[in-house]
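Summary of structural features
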Amino acid sequence: MRIMIAGGGTGGHIFPGIAIAEAIEELSPEAEVFFMGRRGSIEERVVSGTRRRFVTVPSMGVIRGAVIRNVAVPFVVAAGCLKAVSALAMKRPDAAVGTGGFASLPPVLAACALGVPIILQEQNSWPGLATRVLSRFAEVVHVTFSESEKHLPRAKRIEHSGNPVRRGFDEIDRAAARRALGLTQEANVVMVMGGSRGARRLSLAVADAMPRLSAAGVEFVIQTGAEELEHVRDRAASVGARAVVDVFFEEIARVYAACDIVVSRAGATTLAETAIVGRPAVLVPYPHATDDHQMKNARSVENTGAAVVIPDGEFTGDRLADTIEGLLRDRTRLTSMSSAARALARPDAADRVARDVLVVASRTRH
């Protein structure tokens, strides 16, 4: 049995794909899973790190306001479809899985053209363009939020399965994780997650908050954008803060295990990972997300008691320091937030998608 998975452009699209692949391989060890996506992309980097096969095809996403650049998009997508058709005709998969992002569109369209049944997995409350376009052709669309359903009127079947999270997130020892990262065992550790592309607002705010928080004994693990990397590192050095700063963490589960509080955007994959590990969160929704879906995601989590939401325009170093200091003074609240986060977790999400994939693929083989 052979399964193709496509999704990317951001970590929020490729990491659920990895989780689904892990579940497929556990449920059906004879299954062969391979990925398709763009050359030089985060999906190629992540998949290659797992030693799974990755086939490159051209793809290109639309950028708001970039009118001249966007003229090329349909031509690049068409070229990607042609290359994907050729590759899939040779590989002959029994099913294709799309996890969203512009990188998924050419491979999954090609699978449709070849009569390969497709399954989609959507992370966000407002489905992305790829999911909306492809949903009418899919055997089933697995969604994280029930609100997604109203945006997919032509889908044959929709399952509310949650967002797949990679194996191992709840298995790493906290003390070992801190030793590996060079953090103090007794310290309060704040994890700042800018997402796979970094987040300038988060990086600059945490740099501004470092003097106060470091003086209070807080240590940091910070994922930042490449442009802010040296600024954040220099700031940490200048105030004597213990901080691990990088643009990408290969062992992200280790970072979650080491931290006490997560500061992040409100992408669905980050929220799912935070829930699995049961960490209190300070959420700063990306203000330009389609239909403001990150704010909706964040408020939904806040309403359960698992998070504090700070709008992007209000997120400053002082606001961050005030919030973190307030949470650290109230240990009862932190414990309650952790419990609320764990209650949101859907640890079976990857297995639910994988089972559907295997059922569809087995029908193809027979």
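Look up a bit, the structure's there.
These remarks concern the structure in this document. Model, not experiment: these values are computed from the prediction.

**Focus: the overall build of the protein chain**
Along its length, the protein chain carries 15 helices and 13 strands. Here the protein chain has a C-alpha radius of gyration of 21 Å; the compact-globule value for 366 residues is 21 Å, and the two agree. For the protein chain, the spread of C-alpha atoms along the three principal axes comes to 65 × 45 × 40 Å. The burial tally for the protein chain puts 58% of its 366 residues in the buried class. Pairs at least 24 residues apart make up 64% of the contacts formed inside the protein chain by residues separated by at least 6 positions. Split by element, the accessible area of the protein chain, about 15400 Å² in all, is 51% carbon and sulfur.

**Quick word on the sheet that holds strand S3 (residues 53-56)**
Pairing is parallel in the open sheet, where seven strands are placed in the order S3-S2-S1-S4-S5-S6-S7. Two strands lie at the open edges of the sheet, namely S3 and strand S7 (158-160), each paired on one side alone. Geometrically, the sheet is characterised by an average inter-axis angle of 25 degrees between neighbouring strands, direction not taken into account. Here strand S1 (residues 2-6) runs beside strand S2 (residues 32-37); their pairing, made up of five bridges, is parallel. The residue bridging Arg2 from the neighbouring strand is Glu32, located in S2. Running at roughly 165 degrees to S2, helix H1 (residues 11-27) makes contact with S1, S2, strand S4 (95-98) and strand S5 (118-122) of the sheet. On the sheet, helix H2 (residues 42-49) packs against S2 and S3 and is oriented at approximately 160 degrees with respect to S3.

**With respect to unusual backbone geometry**
Although it is not a glycine, Arg51 adopts a positive phi angle of roughly 65 degrees. As for its placement among the helices and strands, Arg51 is situated in the loop between H2 and S3. The phi torsion at Arg92 lies on the positive side, around 50 degrees, for a residue other than glycine. Relative to the assigned elements, Arg92 resides in the loop between helix H4 (73-91) and S4. Here Arg92 falls in the exposed class, since its relative accessible area comes to 57%.

Conventions used here
Residues numbered from 1 in each chain as written. Predicted model: local features only at pLDDT ≥ 70, side-chain atom pairs only at ≥ 80, totals over all residues. Heavy atoms only, no water. Helix = DSSP H or I, 4+ residues; strand = E, 2+ residues; numbered from the N terminus. Rg over C-alpha atoms; globule rule 2.2 N^0.38 Å. Buried < 20%, exposed > 50% of the residue type's maximum accessible area, 1.4 Å probe, protein only. Contact = heavy atoms within 4.5 Å. Areas by Shrake-Rupley, 256 points an atom, 1.4 Å probe, with all protein chains shown as cover. Pairing = 2+ DSSP bridges. Axes fitted to C-alpha atoms, helices over the stretch in contact; angles between N-to-C directions.

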